[in-house]
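Read off the chains here:
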Amino acid sequence: MNQPENDPTIDVTEGTSSLDSPGVSRRSFLGGVGTTAAVMAVGGAALQPTLGGVAEAAEIGPLGNNQRRNEAAKLRKDAAQFWKQAGFPNHPCNGDETLYPNKIGSYSKGLPHNAFGEVNANAYQSLFDALSSGDPADFEDVILGGTGAGPVGKLVNPQCGLAFDLEGSDAHQHAIPPAPALASAEEAAEEIELYWMALLRDVSFNDYATHPLAQDAILELDSLPASAFKGPRIGGQVTAQTLFRDIGPGMTSGPYLSQFFLLPTPFGSEFVDRRSRVFAPGTNFLTQASTWVNVQNGNVPIESAVFDSQRRYLRNGRDMSRWVNIDVLFQGYFNACLTLLTPPNNDDPFSGGIGCPLNPGNPYNSSATQFGFGTFGPPGIKALLCEVASRALKAVWFQKWFVHRRLRPEAYGGLVHFQKASNRYPGVLHPSVLNSEAVDRVHTQYGTYFLPMAFPEGSPTHPAYGAGHATVAGACVTLLKALFNENFVIPNPVVAASDGLSTVAYGGPALTVRGELNKLASNVATGRNIAGVHWRTDAFWSLRLGQEIAVDLLRDQRSGYNEIFNGYTFTGFDGETITV
């Protein structure tokens, strides 16, 4: 269906455009949007100097206006045809929504619930109906349960999952596997890990090898079958080096935190101190039925956060939880980008840059007369990070609302509590979580079995699977690995002191940009788990979803370059070699 390359009337709509109709000129069309808009739309033609009263054409280049118009239209049409032919995958779910008529296995936060946190059937149906129809009016009719404002009491942007994009693959063109089922051993194992994460929030990452509580966590997680607990192992065992980490190149190497959370961040002539405002120790939430049910209904939290009196370098799970609570969604990767791009300056102790070379495939590496800027250079690289983040959110929001509707870990913790306290759900949950040492330790501390949350509001009001933070992390880190030399060794690495007030030199094996970028993505994704708002599989599959989105974006970007560009080669989250 492609038009000949030299056809000046190429149609990009598969219909008849009013702009291509006889007698409808570009100027008459622009006249319909007002004089000021018309002048702006033609590039300020009315302001050009004239000769003899006629505007003088000033542009030069390989293509005239009609040729450029034709090439631009063909490029867009070819890309659209490619993605159309690529097809759409099936989107299976775990079946919990159908299996449990009372919807205890599905996301329902923000809707009205009874005293056990079980959702009102009519309210759930109103949400299901809106998701099925996609009619904006139906979303306004969803029955909410609370009086909270903004993200506390309202549902977070379900219609984002229906948005289209004009570059890269469609948001619905990706699939992630069904989440573990509510009754499965894998879901139970993931919740057991989350209970241990909650118990260990105040233990320094540096102390996992020696702290008694961390050792107890390692023992229980190691005792779970590998088919259920799918965290990384060394020599077949869970160790202090793998505790609360992810599977992927570099993710279990060196210090727990990525260097891109610790190294100073240059911000133009400004300087970003990497010490953060963090929560005070011991401040966990939603451990009592009253506070837990209150936020399930979408009400303003009864409890309030308490903050440390000092800013600290991130050094434990509670600090990490705070960071992922209020970050700008591509913040960590933009910081990393600035650190990678900025050359080191020995005369400026606040320089912060490491001067990482660009990917060997960058066409300006070998140019004698040019360097990259809007394409293949610093401004273009930075802009890509927020561009791909937008596409990642649309794709994962489709998975969240329109496919999986997975319950949040805090809701599963409510099932654990009411089963152990009153036998409310006999035979539903896997016995391993009901018999978990971590769950019993929470009961000893709080008198209940709810999962202690890092935030007073608990999880946000959108489903768990996939994870927005992790999808954006996967997309942005994939771009950085494609754009920079991932094999570059990071100079002068550091680790946060156990009190978080300083950093000290790290003297272990070399740390590469690839490994530390992967670790950065893992830290953010797992940080949401440590806070209690996501599951291990949310993080794992969402990182890979983000990678797919970034690769698709790079593919479409490549087709628009004028430079001679042979592609980028880099390493994926599963160790695979990717060339775009």
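Residues numbered from 1 in each chain as written. Predicted model: local features only at pLDDT ≥ 70, side-chain atom pairs only at ≥ 80, totals over all residues. Heavy atoms only, no water.

Asks: Looking at this model, I keep getting lost on the overall build of the protein chain. Mind explaining?
Replies: Scanning the protein chain from terminus to terminus reveals 18 helices and eight strands. For the protein chain, the residues scored as buried account for 52% of the 580 residues in total. The long-range fraction of contacts in the protein chain, counting pairs at least 24 apart against all pairs at least 6 apart in sequence, stands at 75%. Element-wise, carbon and sulfur atoms account for 55% of the exposed surface of the protein chain, whose accessible area totals about 25,100 Å². (Helix = DSSP H or I, 4+ residues; strand = E, 2+ residues; numbered from the N terminus. Buried < 20%, exposed > 50% of the residue type's maximum accessible area, 1.4 Å probe, protein only. Contact = heavy atoms within 4.5 Å. Areas by Shrake-Rupley, 256 points an atom, 1.4 Å probe, with all protein chains shown as cover.)

Asks: Teacher, can you tell me more about the side chain of Thr448 here?
Replies: Looking at where Thr448 falls in the secondary structure, it is placed in the loop between helix 15 (437–446) and helix 16 (468–483). Separated by 2.4 Å, the side chain of Thr448 and the backbone oxygen of Thr287 make a polar contact. In this structure Thr448 touches Thr287, Gln288, His417, Val442 and His443, once residues within four positions along its chain are discounted. (Polar contact = N/O pair within 3.5 Å; in protein donor to acceptor, adjacent residues only side chain to side chain.)

Asks: Just checking my understanding: could you explain the packing of helix 10 (residues 317–326) against helix 17 (residues 513–530) for this structure?
Replies: To characterise two packed helices, one gives the angle between the axes of the helices and the distance between these axes. At a minimum axis separation of 8 Å, helix 10 and helix 17 run at an interaxial angle of 105°. In terms of orientation, helix 10 and helix 17 fall into the roughly perpendicular class. When helix 10 is examined against helix 17, the residues Gly317, Met320, Ser321, Trp323, Val324 and Asn325 are found in contact with a partner set consisting of Asn523, Val524, Gly527, Arg528 and Ile530. Class assignment for the residues of the contact of helix 10 with helix 17 results in five nonpolar, five polar and one charged. (Axes fitted to C-alpha atoms, helices over the stretch in contact; angles between N-to-C directions. Parallel < 35°, antiparallel > 145°, perpendicular 65-115°, else oblique. Nonpolar A, V, L, I, M, F, W, Y, C, P; charged D, E, K, R; others polar.)

Asks: Mind showing me how you'd approach the packing of aromatic side chains here?
Replies: Describing an aromatic ring pair means giving the distance of the ring centres and the angle of the ring planes. Using the criterion set out here, one finds 23 aromatic pairs in the structure. Between the aromatic rings of Phe398 and Phe402, the centroid separation amounts to 6.2 Å while the plane-to-plane angle is 15°, which identifies the pairing as stacked. Taken together, the residues Phe398 and Phe402, both in helix 12 (residues 378–404) and four residues apart, mark about one turn of the helix. Each member of the pair, Phe398 as well as Phe402, carries the same accessibility label: buried. (Phe/Tyr/Trp six-rings, centres within 6.5 Å; stacked < 30°, edge-to-face > 60°.)

Asks: What exactly am I supposed to notice about the environment of Gln547 here?
Replies: Mapped onto the fold, Gln547 is located in helix 18 (residues 536–558). Here Gln547 falls in the buried class, since its relative accessible area comes to 8%. In this structure the C-alpha to C-alpha distance between Gln547 and Thr478, which are 69 residues apart in sequence, comes to 5.6 Å. Those residues in contact with Gln547, other than ones at most four positions away along the chain, are Gly474, Ala475, Thr478, Gly572, Phe573, Glu576 and Ile578.

Asks: Quick question: what am I supposed to make of the packing of helix 9 (residues 289–296) against helix 13 (residues 409–422) here?
Replies: Remark: helix 9 packs on helix 13, axes separated minimally by 11 Å, with the N-to-C direction vectors making an angle of 140°. Classed by the angle they form, the pair helix 9 and helix 13 counts as oblique. Judged by the twist between their axes, the crossing of helix 9 over helix 13 is left-handed. Here Trp292, Val295 and Gln296 of helix 9 lie close against helix 13, whose contacting residues are Glu410, Ala411, Gly414 and Phe418. (Left-handed = near helix turned anticlockwise from the far one by under 90°.)

Asks: Hey, could you run me through the pattern of salt bridges in this one?
Replies: Side chains that differ in charge, positive against negative, can pair when their charged atoms come close. Across all of its chains, the model carries 24 salt bridges by this definition. Notably, a salt bridge pairs Lys519 with Glu516, separated by 3.0 Å at the nearest N-O pair. Residue Lys519 and its partner Glu516 are both found in helix 17; the two are separated by three residues, about one turn of the helix. With respect to burial, Lys519 and Glu516 carry one shared label: buried. If you follow the salt bridges from partner to partner, you end up with Glu187, Glu190, Arg406 and Asp538 in one network. (Salt bridge = Lys/Arg side-chain N within 4 Å of Asp/Glu carboxyl O.)

Asks: When you look at the environment of Pro281 in this model, what are you seeing that I'm missing?
Replies: Within the secondary structure layout, Pro281 lies in the loop between strand 4 (270–272) and helix 9. When the C-alpha positions of Pro281 and Arg201 are compared, they lie 8.3 Å apart, and in sequence the two are 80 residues distant. The residues contacting Pro281, other than those within four sequence positions of it, are Asp202 and Arg318.

Asks: Would you mind going over helix 16 with me for this structure?
Replies: Counted at 1.5 Å a residue, the expected span for helix 16 with its 16 residues is 22 Å, and the 23 Å between its end C-alpha atoms agrees. The element helix 16 is largely enclosed, with a buried count of 16 among its 16 residues. (Expected span 1.5 Å × (residues − 1).)

Asks: Could you clarify how one ought to interpret unusual backbone geometry in this entry?
Replies: Negative phi characterises most residues that are not glycine, and trans characterises most peptide bonds. In this model, Tyr465 is joined to Gly466 through a cis peptide bond whose omega is -5°. When you line up the elements, Gly466 lands in the loop between helix 15 and helix 16. Located in the positive-phi region is Asn492, a residue other than glycine, with phi close to 50°. Taking relative accessible area as the criterion, Asn492 reaches 67% and is therefore assigned exposed.

Asks: Would you take a moment to explain the environment of Asn284 for this structure?
Replies: With respect to the element layout, Asn284 can be found in the loop between strand 4 and helix 9. We classify Asn284 as buried; its relative accessible area is 12%. Sequence spacing of Asn284 and Gly458 is 174 residues, and the spatial spacing of their C-alpha atoms is 9.8 Å. What Asn284 contacts, discounting residues up to four positions off in sequence, is Ala198, Arg201, Glu303, Arg318, Tyr446, Pro452 and Met453. Side-chain polar atoms of Asn284 contact the side chain of Arg318, separated by 3.0 Å. One polar contact links Asn284 to Tyr446, side chain to side chain, over a distance of 2.9 Å.

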